[in-house]
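# Fold and geometry: a report
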Number of protein chains: 2
Amino acid sequence: MQNFQIKIPTNLVFGKNTHHQIGELIKPYATKVLLHYGGGTVKRLGLYDDTKKSLTAAGIPFVELGGVMPNPRLSLVYEGIELCKKEGVDFVLAIGGGSTLDSAKAIAVGMCYDGDVWDMFDGKAQITATLPVAIILTIPAAGSEMSPNSVISNEKLGRKCGMGSDLIRPVVSIVNPEFFTHLPKSQLGNGVADIISHIFERYFTHTKNCDITDGLCESVLKTVMKNALIAAENPTNYEAWAEIGFGGIIAHNNWLGVGRDQDWACHGMEHELSAYNDVAHGAGLAVLTPAWMKYVYKENIDMFVQFAVNVMGVEGSFRDPEAIVLEGISRLEQFYKRLGLAQSLSALNIGEDAFEEMAKKTTGAFFGNETGRGSFKKLMWQDVVEIFKLCK
Amino acid sequence: MQNFQIKIPTNLVFGKNTHHQIGELIKPYATKVLLHYGGGTVKRLGLYDDTKKSLTAAGIPFVELGGVMPNPRLSLVYEGIELCKKEGVDFVLAIGGGSTLDSAKAIAVGMCYDGDVWDMFDGKAQITATLPVAIILTIPAAGSEMSPNSVISNEKLGRKCGMGSDLIRPVVSIVNPEFFTHLPKSQLGNGVADIISHIFERYFTHTKNCDITDGLCESVLKTVMKNALIAAENPTNYEAWAEIGFGGIIAHNNWLGVGRDQDWACHGMEHELSAYNDVAHGAGLAVLTPAWMKYVYKENIDMFVQFAVNVMGVEGSFRDPEAIVLEGISRLEQFYKRLGLAQSLSALNIGEDAFEEMAKKTTGAFFGNETGRGSFKKLMWQDVVEIFKLCK
């Protein structure tokens, strides 16, 4: 096990009706709030009204900025920063999914930085301060509600990049799975694919003696997958959504990933897919992940046998490990299929034209600085092209 | 799944050589430190010198108070409070095991309370403020390093009681498993029995739809048990101790227990055993737990089948659930035995004389206020006597 450090000061409040507490919960941190959201969903759910009511009851004034889209845009972040400066906002409250929270985090960081907030995303600057942020979550997927990360799309540059710092973990996260029961099936599939990818990126490792985190990853993967199929059959099943929601939090707050090398190549590749094609992040991951597995499993076949046996329930002779591994990957593909996820890039209307350019952006080669991606197998741009081809 | 809330602001720093960072890590919180410890062990380990060196290098003055014993005493807590007041201490740093940290937490709370700090332990007052505390851990067991609890023995009253508040979670916890490799085998057994009891107390529940926490509990139980046997064979195996140490933290920081009813009857009964007989907490738990299981399993045999199958690896016909359960409990007893733990109260030199009095203190009947203990089966004092008798 490697040395590690973890500190998650987020106050997580989970369960039915919990969103009504938002005003009281953020009161210690907020004198004026930016209420940040996407489109009509939070209004249809009644969450928009409930939130305003709770803020008003707590005596917290607020201004609003809606319009966050999936793969949240830098332009809206700039607009938010300008609005917050003009209005003297000192707290950003997101109501929505990971995109809304990522946008809120970027606004909050931008408020405490004199330069262009994009500097944090392309590595030119480090986060040293931020306004506090909170979230009332409506979609379990990104794990942003307890994570130190934010991912933003720069429309002008056609790039999607992330920034990370313990400073941007929300001070309060409210996760009420009742909201999840209103999601369309596509959001279930996309969300679950993102959640299990957050675990995969931590799980597949060459680090030895990680029994605890191996076991934690495996048990959460199994639970999320089991409950995803229940929710697919019965989208209003609160209990199934509660398991998925809890799984989504712990999948990405890093309790499952400490003390071991992590990979993150699939996320890196998918960010380019999304930036070029505006596909949903989870949909891209569901196509890329099995292909990545097929491309890399020989690097450490024991790790993949463990996955196939402990997570996917594959039985068979351990003297034919490759058969076990391929059956495990096949079962993962079948799982994605049962959730209605696309099985190929062509099904996502993504052609081959940009494979090389996306691959080069993934590894840095496009910018003349090829660092590669991933640690389980370090992928150079040619590897990424091969993986894209496996997904055609 | 029940609604829940969790917030753990502790900065956990885990791994080899990490204790040298203590000065820098606590510097933001401390202007003058009480260095609190037990006896010669921390000096023999070099930890005492290393800590003083790190504090000095960080420019943090300190005073010292040693002498913490297992089942830490209230009298030393009073002494610590007096010393801290006299010396203007604003931070308490424990070096040692859970007893030392529990003593440190009590001193820290006592420093911010005008009355008798015992008021917090016997329920007369609530914790509203504390000095910050930190720990460099030398024994994995109590889980106090990330928990909101402290347990203190009042020698005059012959009572051992706990207090709890998120406020007393340490601000910094350093867990360096290198120190654990110096522990005698008895400490391994006692520590592991305490760790797995922290999970059992959360695991055995009637709450349904807790797949995530069921799975987390089961995977950590299996990992800790597996690595305990490795460490029993080879006490200097760092990797096994790292797994146990990590398990001990997550066993008691409550990530495994949220969203479900918890029990805590075994801890309640054991606190009286320890208070009357000064046995090690883990040793008492290893005797009581299998007896408690035999006494209560019929309350929810499915839960115990799940334990036997998923944790203890019992196979057999599910149409004879009782046989599966009893085999699971038997395997747990064998596990404790392999760690060298006592199998009966008589082996711990505890006779029957005080069974009734201890039982009545456990449930409150002794104080004319019998609230009972536990939620899996609510135990009244007669139940506790029966369980003690099963342990004879």
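These lines cover the structure that appears in this document, whether it is placed above or below. It should be emphasised that the depicted structure is a prediction, and the values quoted were computed from it without experimental measurement.

## Quick notes on helix α13 (residues 321–338) of chain A
Residue and element names in this part refer to chain A. The end-to-end C-alpha separation of α13 is 26 Å, in line with the 26 Å expected for 18 residues at 1.5 Å each. Buried-residue contacts for α13 involve α7 (185–203), α8 (211–233), α11 (281–296) and α12 (301–310). Taken from the residues just after α13, Gly340 is the one with a positive phi, measuring 80 degrees.

## Side note on the packing of helix α9 (residues 238–252) of chain A against helix α8 (residues 211–233) of chain B
The contact between α9 of chain A and α8 of chain B brings their axes to 8 Å, and the two run at 50 degrees. Between α9 of chain A and α8 of chain B, the interaxial angle falls into the category oblique. Within the contact between the two elements, α9 of chain A uses Glu243, Phe246, Gly247 and Ile250 of chain A and α8 of chain B uses Asp211, Ile212, Thr213 and Leu216 of chain B. Split into classes, the residues belonging to the contact of α9 of chain A with α8 of chain B amount to four nonpolar, two polar and two charged.

## Considering the relation of the copies chain B and chain A
Rotating chain B by 180 degrees about the axis while translating it 0.0 Å along that axis superimposes it on chain A, leaving an RMSD of 0.0 Å. Each copy turns onto its partner about a two-fold axis. Using C-alpha coordinates, one finds that chain B approaches the rotation axis most closely at Pro9 of chain B, a distance of 2.1 Å. Taken together, the interface assignments show that 100% of the residues at the interface of chain B recur at the interface of chain A, consistent with an identical surface on both copies.

## Quick word on the environment of Gly88 of chain A
Residue placement: Gly88 of chain A occurs in the loop between α4 (74–87) and β4 (91–96). The spatial distance from the C-alpha of Gly88 of chain A to the C-alpha of Met146 of chain A is 26 Å, given a sequence separation of 58 residues.

## Here's the deal with the interface of chain B and chain A
Each partner contributes residues to the interface: chain B has 41 residues there, and chain A has 41 residues. Summed over both sides, the interface of chain B with chain A buries roughly 3400 Å², with 60% coming from carbon and sulfur. A per-residue breakdown of the area chain B buries against chain A is headed by Ile212, Phe246 and Trp255 of chain B, which together make up 20% of the total. Across the contact surface, chain B and chain A share two salt bridges. Here Lys226 of chain B makes a salt bridge to Asp211 of chain A, at a shortest N to O gap of 2.8 Å. On the surface where chain B and chain A come into contact, there are 20 residue pairs in polar contact (both at pLDDT 80 or more). Of all the elements in the fold, those that place two or more residues in the side of chain B that touches chain A are β1 (4–14), α8 and α9 (238–252) of chain B. No other element matches the eleven residues that β1 of chain B contributes to the side of chain B that touches chain A. Split by residue class, the side of chain B that touches chain A holds 21 nonpolar, 14 polar and six charged. When strand β1 (residues 4–14) of chain A meets β1 of chain B, the two strands line up antiparallel, connected through seven bridges.

## Structural notes on the packing of aromatic side chains
Working definition: an aromatic ring pair is given by the centre-to-centre distance plus the angle between the planes. For the structure on display, the rule yields 48 aromatic pairs over all chains. Summarising the aromatic geometry, the rings of Phe204 of chain B and Phe376 of chain B are spaced 6.3 Å apart at their centres and angled 75 degrees between planes, so their arrangement reads as edge-to-face. A residue pair is termed long-range when its members are at least 10 positions apart, and Phe204 of chain B in the loop between α7 (185–203) and α8 and Phe376 of chain B in the loop between α14 (355–363) and α15 (381–390) qualify at 172 residues. Judged by its relative accessible area of 2%, Phe376 of chain B falls in the buried class. Here a set of aromatic residues connected by ring pairs shows up, and it is made of Phe200, Tyr203, Phe204, Trp292, Tyr297, Phe304, Phe307 and Phe376 of chain A. Sitting over the ring of Tyr238 of chain A, Lys16 of chain A keeps its end group 4.5 Å from the ring centre. The ring of Tyr48 of chain A has Lys43 of chain A lying over it, and the distance from NZ or CZ to the ring centre is 4.7 Å.

## A look at the pattern of salt bridges
Residues and elements named next belong to chain B. Inspection of every chain in the model, using the stated rule, returns 26 salt bridges over all chains. Among the ionic pairs, Lys160 bridges to Glu270, the shortest N-O distance being 4.0 Å. Of this pair, Lys160 sits in strand β7 (residues 159–164) while Glu270 sits in helix α10 (residues 265–277), and the two are 110 residues apart along the sequence. For the pair formed by Lys160 and Glu270, the shared burial category is buried.

## Quick word on the state of the cysteines
As enumerated under the stated definition, the model contains zero disulfides over all chains in all. Left without a disulfide partner, Cys391 of chain A is nearest to the cysteine sulfur of Cys266 of chain A, which lies 8.8 Å away.

## So, the sheet that holds strand β2 (residues 33–37) of chain B
Strand order in the open sheet formed by twelve strands is β3(A)-β2(A)-β4(A)-β5(A)-β8(A)-β1(A)-β1(B)-β8(B)-β5(B)-β4(B)-β2(B)-β3(B), and the pairing between neighbours is mixed. Whereas interior strands pair on both sides, the edge strands pair on one side only; in this sheet they are β3 (62–65) of chain A together with β3 (62–65) of chain B. Pairwise comparison of adjacent strand axes, ignoring direction, gives a mean angle of 20 degrees for this sheet. Across five bridges, β4 of chain A lies against strand β5 (residues 133–137) of chain A in parallel orientation. When the bridges of β5 of chain A are listed, Leu93 of chain A appears paired with Ala134 of chain A. Across the sheet, α4 of chain A touches β2 (33–37) and β3 of chain A, and the angle it forms with β3 of chain A is around 160 degrees. Strands in contact with helix α5 (residues 98–110) of chain B are β2, β3, β4 (91–96) and β5 (133–137) of chain B; relative to β4 of chain B, the strand with the most contacts, it is inclined by about 170 degrees.

## Concerning the packing of helix α12 (residues 301–310) of chain B against helix α13 (residues 321–338) of chain B
All names here are of chain B. At a closest axis distance of 8 Å, the pairing of α12 and α13 adopts a crossing angle of 50 degrees. The orientation of α12 relative to α13 falls into the category oblique. The handedness of the crossing between α12 and α13 is left-handed. Counting all contacts with α12, which are made through Ile301, Phe304, Val305, Phe307, Ala308 and Val309, the residues of α13 involved are Pro321, Glu322, Ile324, Val325, Gly328 and Leu332. When grouped by side-chain class, the residues that make up the contact of α12 with α13 number ten nonpolar, one polar and one charged.

## Brief notes about α10 of chain B
Residues and elements named next belong to chain B. With 13 residues, α10 extends 18 Å from end C-alpha to end C-alpha; this agrees with the ideal 18 Å at 1.5 Å per step. Taking burial as the measure, the 13 residues of α10 include ten buried ones, the bulk of the element. Among the residues making up α10, those that are buried are Ala265, Cys266, His267, Gly268, Met269, Glu270, His271, Glu272, Leu273 and Ser274. Against β6 (149–154), β7, α7, α11 (281–296), α14 and α15 lie the buried residues of α10. Two residues or fewer past α10, Asp278 is found with a positive phi of approximately 55 degrees.

## Concerning the nonpolar core
Most often, soluble globular proteins have nonpolar side chains that are buried together. Judged by nonpolar contacts, the single largest core of 292 residues is most densely connected at Ile26, Trp255 and Trp292 of chain A together with Ile26, Trp255 and Trp292 of chain B. Counting residues per element, this core draws most heavily on α8 of chain B, at eleven residues. Among all residues touching Trp292 of chain A, those that are not within four sequence positions of it are Phe204, Asp263, Ala265, Cys266, Met269, Phe304, Phe376, Leu379 and Ile387 of chain A.

Conventions used here
- Residues numbered from 1 in each chain as written.
- Chains lettered and ligands numbered in written order.
- Predicted model: local features only at pLDDT ≥ 70, side-chain atom pairs only at ≥ 80, totals over all residues.
- Heavy atoms only, no water.
- Helix = DSSP H or I, 4+ residues; strand = E, 2+ residues; numbered from the N terminus.
- Expected span 1.5 Å × (residues − 1).
- Contact = heavy atoms within 4.5 Å.
- Axes fitted to C-alpha atoms, helices over the stretch in contact; angles between N-to-C directions.
- Parallel < 35°, antiparallel > 145°, perpendicular 65-115°, else oblique.
- Nonpolar A, V, L, I, M, F, W, Y, C, P; charged D, E, K, R; others polar.
- Least-squares fit on C-alpha atoms with pLDDT ≥ 70 in both.
- Buried area = accessible area lost by both parts, 1.4 Å probe.
- Salt bridge = Lys/Arg side-chain N within 4 Å of Asp/Glu carboxyl O.
- Polar contact = N/O pair within 3.5 Å; in protein donor to acceptor, adjacent residues only side chain to side chain.
- Pairing = 2+ DSSP bridges.
- Phe/Tyr/Trp six-rings, centres within 6.5 Å; stacked < 30°, edge-to-face > 60°.
- Buried < 20%, exposed > 50% of the residue type's maximum accessible area, 1.4 Å probe, protein only.
- Lys NZ or Arg CZ within 6 Å of the ring centre and 35° of its normal.
- Disulfide = S-S within 2.5 Å.
- Left-handed = near helix turned anticlockwise from the far one by under 90°.
- Core = buried A, V, L, I, M, F, W, Y, C linked by side-chain atoms within 4.5 Å.

Worth remembering: the numbers are spatial, not functional.
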